[in-house]
Amino acid sequence: MKRAVVVGAGFAGCAYAMPLRERGWSVTVIEKAGFIGGGVRTFFHGGHPYTYGPRHFLSPYPEAFDFLNKFVPLRHIKKINYTYLERDQAFYTYPIHEDDIAAMPDADIVWAELAARPEEAKAANFEEFWIQRVGSTLYGKYVRDYNRKAWMLKSNAEMDFGFESTVKRRPLESGERYEFKDWFNCYPIPQDGYNQFFDIALEGCDVRLDTTITAFDVHRSRVDIGSETLTYDLLVSTISPDVLLNYQYGELKYVGREFHKIVLPIEFALPQDVYFVYYPNASETHTRVVEYKKFTLHKSPSTLLGLEIPSLKNKLYPTLIKAEVEKAQRYLDALPGNVRSVGRMGVYRYIDIDDIIMQSLQFAKEL
Ligand SMILES: Cc1cc2nc3c(=O)[nH]c(=O)nc-3n(C[C@H](O)[C@H](O)[C@H](O)COP(=O)(O)OP(=O)(O)OC[C@H]3O[C@@H](n4cnc5c(N)ncnc54)[C@H](O)[C@@H]3O)c2cc1C
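Residues numbered from 1 in each chain as written. Predicted model: local features only at pLDDT ≥ 70, side-chain atom pairs only at ≥ 80, totals over all residues. Heavy atoms only, no water.

### Some remarks on the overall build of the chain
Heads up, the rule is: Counting from the N terminus, the helices are DSSP H or I runs at least four residues long and the strands are E runs at least two residues long. Restricting the calculation to C-alpha atoms gives the radius of gyration, and the globule rule supplies 2.2 Å times the number of residues raised to the power 0.38. Burial classification: accessible surface area is computed with a 1.4 Å probe over protein chains only, and a residue below 20% of its type maximum counts as buried, one above 50% as exposed, and the rest as partly exposed. Working rule for contacts: check all heavy atoms of both residues, and any pair within 4.5 Å makes them a contact.
The number of helices and strands found in the chain is eleven helices and 22 strands. Computed over C-alpha atoms, the radius of gyration of the chain comes to 22 Å, within 12% of the 21 Å expected from 2.2 N^0.38 for 367 residues, which places it in the range of a compact globule. Referenced to the eigenvectors of the C-alpha coordinate spread, the extents of the chain come out at roughly 70 × 50 × 35 Å. Across the 367 residues of the chain, 54% fall into the buried class. Long-range pairs, those at least 24 residues apart, make up 72% of the contacts in the chain with a sequence separation of at least 6.

In structure tokens, the structure reads:
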């Protein structure tokens, strides 16, 4: 029987462990935390279901929807996001909507900048990319300080790689304000979110919780957990690839989030259909507030808000700077053929739940 070791039992670890086990492999899953599901696991606070960040299913791929919907029935949502612009003393919708410009105190400047946008432009970094698309005033209001806060950068010009991938939507919307109208925009119907999927995916695997690999020897296909050595035919790793090669090219940079839970004694805090508020102002440390019952439909006279503050205390988002992306690529190129580095940290890209499903479906076909 072939042996696989999967490192990390987040969405990616579960999505890759499942096809291996289904094809008769012996699968050992090593998870540092005391639970499976990683960042997408649903927890409860005062009876309110929540995850760390919104984690809704948003995808253009029917295959990803069909796959997940088999395990966790998904409900379509019609969602609007607000952004709070302190300098305008106003909430507008996000993505930036043409109809909000008329209400802005500097509407004339904004329209003049929009009219002067280049037809075709090539941007060298995130800042240039956005100014070319929406002009410097809208960029300054909605994007500049948000992005600097979110990725803990001194200047957005530092973000010189893959910045297009951070903008899945058109920079300037018109018409209906619901986001991603043509996509699968969904959330699990069960109150425990995606948790059933994690249980099903890892059924029959040897899952070791609260466990960390103490030494990786990827060239000899073995890992140590204290005094125990595991050998494998395939290592599927969802953690940062620098760890697998003992940081030989230096540590890869990431940004994380502090997550705060706030319960308010009102049934709903945000207007109907508004699920998030983004905070793009330099005067606030937080980037986003999410009202969870909008997603979960939890019934309660109170409401739970999740507030996110960028932090270096955990690793969640790769830093999209060319030097870091190139460093990550050196690590990935140096891994032997029987190591698959997958998931958001493993590929060092902003991939979402649907991307992980698509990649794991491809992996299953290749097995
Ligand atoms: C705040 C936030 C909000 C998001 N919202 C959405 C969204 O709304 N929609 C969407 O599609 N995507 C969203 N994403 C992205 C998506 O959730 C992730 O791409 C996906 O969950 C990544 O899964 P993963 O398994 O790669 O990583 P993780 O969920 O981080 O899982 C990694 C697992 O590895 C474990 N681990 C770490 N180090 C070790 C170690 N040394 N040994 C053993 N185990 C270890 C961790 O404990 C964890 O369980 C969001 C991401 C973040 C950070």
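### Some thoughts on the sheet that holds strand 14 (residues 222-225)
Keep this limit in mind: DSSP bridges decide pairing: two strands pair if at least two such bridges lie between them. All axes are obtained by fitting lines to C-alpha atoms, using only the stretch in contact for helices, and the reported angles, taken between N-to-C directions, cover 0 to 180 degrees.
With antiparallel pairing, three strands are arranged side by side in an open sheet as 13-14-15. Of all strands in the sheet, those bounded by a partner on one side alone are strand 13 (215-217) and strand 15 (228-231). Each strand axis lies, on average, 20° off the axis of its neighbour in the sheet, ignoring direction. Here strand 13 pairs with strand 14 via three bridges, running antiparallel. Its bridge partner lying in strand 14, Asp-217 is registered against Arg-222.

### Some remarks on helix 2 (residues 62-71)
We apply this condition: Here the arc refers to the set of directions running from the helix axis out to each C-beta atom.
Among the residues of helix 2, those classed as buried are Ala-64, Phe-65, Phe-67, Leu-68 and Phe-71. Seen end-on, helix 2 carries its buried residues on one side only, within an arc spanning 165°. Those residues of helix 2 hidden inside the fold are in contact with helix 1 (11-22), strand 5 (57-59), strand 6 (74-76), strand 11 (184-188), helix 6 (195-201) and helix 11 (353-366).

### Focus: the nonpolar core
The criterion, for reference: Residues belong to a common nonpolar core when they are buried Ala, Val, Leu, Ile, Met, Phe, Trp, Tyr or Cys residues joined through side-chain atoms within 4.5 Å. Domain delimitation in this document rests on an assignment produced automatically or drawn from a domain database.
In terms of nonpolar packing, the biggest core is built from 61 residues, with Trp-130, Leu-138, Tyr-142 and Leu-235 touching the most fellow members. Element by element, the count of residues in this core is highest for helix 5 (residues 126-151), at eleven residues. Both domains that furnish three or more residues to this core are identified here as domain 1 (3-41 + 194-248 + 322-366) and domain 2 (80-186 + 255-311). Not counting residues within four places of it along the chain, the set of residues in contact with Leu-235 comprises Val-5, Val-7, Phe-216, Val-218, Val-223, Asn-338, Val-339 and Arg-340. The next biggest cluster of nonpolar side chains, apart from the first, holds 40 residues, and it includes Phe-198, Ala-201, Val-342 and Ile-351.

### Side note on the side chain of Lys-294
Cut-off, in case you're wondering: Definition of a polar contact: a pair of N or O atoms within 3.5 Å, with one able to donate and the other able to accept a hydrogen when the atoms are protein atoms, and with sequence-neighbouring residues admitted only if both atoms are side-chain atoms.
Examined against the element boundaries, Lys-294 turns out to sit in helix 8 (residues 292-296). Of the polar contacts made by the side chain of Lys-294, one reaches the backbone oxygen of Leu-270; its length is 3.0 Å.

### What to know about the state of the cysteines
Threshold: By disulfide we mean two sulfur atoms from cysteines, separated by a distance within 2.5 Å.
The full count for this structure, using the stated rule, is zero disulfides. Here Cys-14 stays unpaired: no disulfide links it, and the sulfur of Cys-205, its closest cysteine neighbor, is 8.5 Å away.

### Observations concerning the site of the ligand
Put simply, the rule is: Residue proximity to a molecule or strand is established when one non-hydrogen atom of the residue lies within 4 Å of it. What sets the accessible areas is the Shrake-Rupley method with a 1.4 Å probe; for residues, cover comes only from the shown protein chains.
Around the ligand lies a shell of 27 residues, among which Ala-12, Glu-31, Arg-55, His-56 and Ile-351 are the nearest. Taking Gly-39, its main chain carries an N or O atom lying 3.0 Å from an oxygen atom of the ligand. At a separation of 2.6 Å, an oxygen atom of the ligand approaches a polar backbone atom of Ile-351. Isolated, the ligand exposes 1000 Å² of accessible area, and the fraction of that covered by the protein chains is 89%. For the shell around the ligand, the elements supplying multiple residues, two or more each, are helix 1, helix 10 (343-347) and helix 11.

### With respect to the sheet that holds strand 8 (residues 90-94)
On the basis of which strands lie adjacent, the open sheet formed by seven strands has the order 8-7-18-19-20-17-21 and mixed pairing. At either margin of the open sheet sits one strand with a lone partner, and together these are strand 8 and strand 21 (317-318). Pairing between strand 19 (residues 288-291) and strand 20 (residues 303-311): four bridges, direction antiparallel. The residue of strand 20 that forms the bridge with Val-289 is Leu-307.

### Section: the pattern of salt bridges
Rules: Basic side-chain nitrogens of Lys or Arg form a salt bridge, by our definition, when they fall within 4 Å of a carboxyl oxygen of Asp or Glu.
On inspection of all chains with the given rule, the structure shows 17 salt bridges. For the salt bridge of Lys-141 with Asp-88, the shortest nitrogen-to-oxygen distance reads 2.6 Å. Of the two residues, Lys-141 is situated in helix 5 and Asp-88 in the loop between strand 7 (80-85) and strand 8; the sequence distance between them amounts to 53 residues. Overall, the relative accessible area of 12% leaves Asp-88 in the buried class. What you see here is one network of salt bridges that share partners, running through Arg-87, Asp-88, Asp-106 and Lys-141.

### Observations regarding unusual backbone geometry
Pro-95 follows Tyr-94 through a cis peptide bond whose omega is 10°. Relative to the helices and strands, Pro-95 resides in the loop between strand 8 and strand 9 (96-97). Despite not being glycine, Tyr-247 has its phi angle at roughly 55°, a positive value. Considering the arrangement of structural elements, one finds Tyr-247 in the loop between helix 7 (241-244) and strand 17 (254-264). A relative accessible area of 39% means that Tyr-247 is categorised as partly exposed.

### Some points on the domain arrangement of the chain
Selection rule: Buried area is understood as the total, over both parts, of accessible area removed when two parts are fitted together, assessed with a 1.4 Å probe. In this classification, the charged set is Asp, Glu, Lys and Arg, the nonpolar set is Ala, Val, Leu, Ile, Met, Phe, Trp, Tyr, Cys and Pro, and all remaining amino acids, among them Gly, are polar.
By the assigned domains, the chain splits into domain 1 (3-41 + 194-248 + 322-366) and domain 2 (80-186 + 255-311). Taking the mean C-alpha position of each, domain 1 and domain 2 sit 32 Å from one another. Overall, the association of domain 1 and domain 2 removes approximately 560 Å² of surface from exposure, summing both partners, and the carbon and sulfur fraction of that is 56%. Contact with domain 2 buries area across many residues of domain 1, yet Lys-322, Val-325 and Tyr-350 alone supply 74% of it, more than any other trio. At the boundary of domain 1 and domain 2, one finds zero salt bridges. The interface formed by domain 1 and domain 2 holds one residue pair in polar contact (both at pLDDT 80 or more) in total. Grouping the amino acids of the side of domain 1 that touches domain 2 by side-chain chemistry returns two nonpolar, no polar and four charged.

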